[in-house]
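Chains, contacts and geometry: an overview
Letter by letter, the chains look like this.
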Amino acid sequence: MQRAKTKTKTRVFSGVQPTGNLHLGNYLGAITKFVALQAEHDCLYCVVDLHAITVFQDPDELAKNTREVTAAFIASGIDPGRHIVFNQSQVSGHAELAWIFNCVARIGWLNRMTQFKEKAGKDRENASAGLYVYPNLMAADILLYHATHVPVGEDQKQHLELARDIAQKFNNDFAKTIAREGYEGGFFPLPEPLITGPATRVMNLRDGTRKMSKSDESDMTRINLTDDADAIAKKIRKAKTDPEPLPSEAKGLETRPEADNLVGIFAGLAETSKEAVLRDFGGSPFSKFKEALAELAAAKLNPIGEEMRRLMADPVEIDRILDDGARRAHAIADPILAKTKDIVGFIRS
Ligand code: AQP
């Protein structure tokens, strides 16, 4: 049945860039959500290598990092048998639909994207054209599968809003042919962002006003999924804080970004709320809280890091999983792309 001729079935899509240094922000902001959503939805989880090359990547590193993200997905609990795990460049529909969306999205919309401004920095003239149209490719990633729900960290909210604008404009621009093809209520669904929990924006350990990031030069600013217990303890011990003890209520975190970040990380790892963490640690000095946080982080992350290393030792098996995922992703994407081409007016055999 065609999508809009019946009620839309929920489908989850999200991606992670293979740009190295997978960190606690990626884990709490995205990957833990991916895992939880498997119980109730059909999910596609993509290693978005086309996005990664918007900034130059060493080819050998790119291949290694693609396998590493795949290993992180599986080690964290994503089941590639029940759901689809693949790398973006193996399904050419992403790039084809992105081109169509390049012609739907407006330059004024892209000019408002804060991530481009942050990543291009002062040397904007020298940024790749791909970095500029990155959000159009992200819209294509989601809409190529008629995905309805997209779990992401807070930093991707603006891109999700753009994806909805693109879907809406496509549905309006091509309303006549969409109706002729028998779709009611538009061809592309408007995807919903899923940005939930206490750690949707994990911050840099040395500066609570900047987000934890793969590309930060200093490794001390982030906790990597592959860090061992000693490295985690050292990074948390040295994390920036303030001289006050922890407050007893979440309101007391509002003007204390570093304290807020560490409490949010604890809550995310413990799968509880910031309020619950403060019930246990309100009034405690940071030294005591940091010790408990380091222990919790190591207990959660070390088994994942170990499993990642085990999986990475067998790259042939990882490539087989990606290949199988790509085949299954094609089976969903190809008819949707074909119908998109009909709607736009492209002749196809
Ligand atoms: N600090 C963060 N807190 C919460 N969620 C985060 N995410 C990223 N950083 C944080 C979420 O992780 C998913 C995958 O992100 P990505 O790999 O596509 O790229 P990104 O958002 O650009 O991540 P980085 O780590 O900051 O990379 P660089 O340094 O290359 O820019 C997304 O859902 C994202 O929201």
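Please read these numbers as outputs of a predicted model, since none were measured by experiment. (Residues numbered from 1 in each chain as written. Predicted model: local features only at pLDDT ≥ 70, side-chain atom pairs only at ≥ 80, totals over all residues. Heavy atoms only, no water.)

Right, let's get into the site of the ligand. Neighbouring residues of the ligand: 21 residues in total, closest Asp-155, Lys-211, Ser-213, Lys-214 and Ser-215. Interatomic distance of 2.3 Å between a side-chain N/O atom of Lys-214 and an oxygen atom of the ligand. Look at the ligand: alone it shows 650 Å² of surface, and the protein chains cover 96% of it. Counting atoms within 2 Å of the grid points, the majority share of the ligand lands in the largest pocket. Where the shell around the ligand is concerned, the elements lending two or more residues are strand S1 (11–16) and helix H1 (24–37). Tallying contributions element by element places H1 first for the shell around the ligand, with four residues. When the residues that make up the shell around the ligand are grouped by side-chain class, the tally is five nonpolar, eleven polar and five charged. Structurally, the shell around the ligand is a two-domain feature, drawing no fewer than three residues from each of domain 1 (11–199 + 314–344) and domain 2 (203–310). (Near = heavy atom within 4 Å. Polar contact = N/O pair within 3.5 Å; in protein donor to acceptor, adjacent residues only side chain to side chain. Areas by Shrake-Rupley, 256 points an atom, 1.4 Å probe, with all protein chains shown as cover. 1 Å grid on protein atoms, 1.4 Å probe; cavity = no way out; pocket = protein on both sides within 12 Å on 5 of 7 lines; lining within 4 Å. Sits in = over half its atoms within 2 Å of the grid points. Helix = DSSP H or I, 4+ residues; strand = E, 2+ residues; numbered from the N terminus. Nonpolar A, V, L, I, M, F, W, Y, C, P; charged D, E, K, R; others polar. Domains from an automatic or database assignment.)

Of all hydrophobic cores here, the largest spans 56 residues; its most connected members are Leu-24, Tyr-27, Phe-73, Ile-265, Leu-269 and Phe-289. Non-local contacts of Tyr-27, meaning those with residues more than four positions away in its chain, are made with Thr-32, Ser-76, Leu-225, Leu-269, Leu-301 and Ile-304. Core analysis: the next-biggest nonpolar cluster, separate from the first, contains 47 residues, Ala-98, Leu-143, Leu-144 and Ala-326 among them. (Core = buried A, V, L, I, M, F, W, Y, C linked by side-chain atoms within 4.5 Å. Buried < 20%, exposed > 50% of the residue type's maximum accessible area, 1.4 Å probe, protein only. Contact = heavy atoms within 4.5 Å.)

Overall, the coordinates contain 15 aromatic pairs when judged by the stated rule. Summarising the aromatic geometry, the rings of Phe-281 and Phe-289 are spaced 5.1 Å apart at their centres and angled 70° between planes, so their arrangement reads as edge-to-face. A relative accessible area of 11% places Phe-281 in the buried class. Since its relative accessible area comes to 0%, Phe-289 is described here as buried. One aromatic cluster is present, formed by Phe-101, Phe-170, Phe-174, Tyr-183, Phe-187 and Phe-188 through successive ring pairs. (Phe/Tyr/Trp six-rings, centres within 6.5 Å; stacked < 30°, edge-to-face > 60°.)

All right, on to unusual backbone geometry then. Note: most peptide bonds trans; most residues except glycine with negative phi. Even without being glycine, His-146 reaches a positive phi, approximately 50°. Tracing the chain through its elements places His-146 in the loop between helix H7 (129–143) and strand S4 (149–151). One non-glycine residue with positive phi stands out, namely Glu-271, at about 55°. The residue Glu-271 is located in the loop between helix H11 (257–270) and helix H12 (274–281) in this model.

Taken residue by residue, a regular strand's side chains alternate between the two faces of the sheet. Two elements, strand S6 (residues 203–204) and strand S7 (residues 207–211), share two bridges in a ladder whose sense is antiparallel. Of the residues in S7, the one forming a bridge with Met-203 is Lys-211. Here S6 folds back onto S7 in antiparallel fashion, the turn holding two residues. (Pairing = 2+ DSSP bridges.)

No statement about biological role is implied by the geometric values presented.
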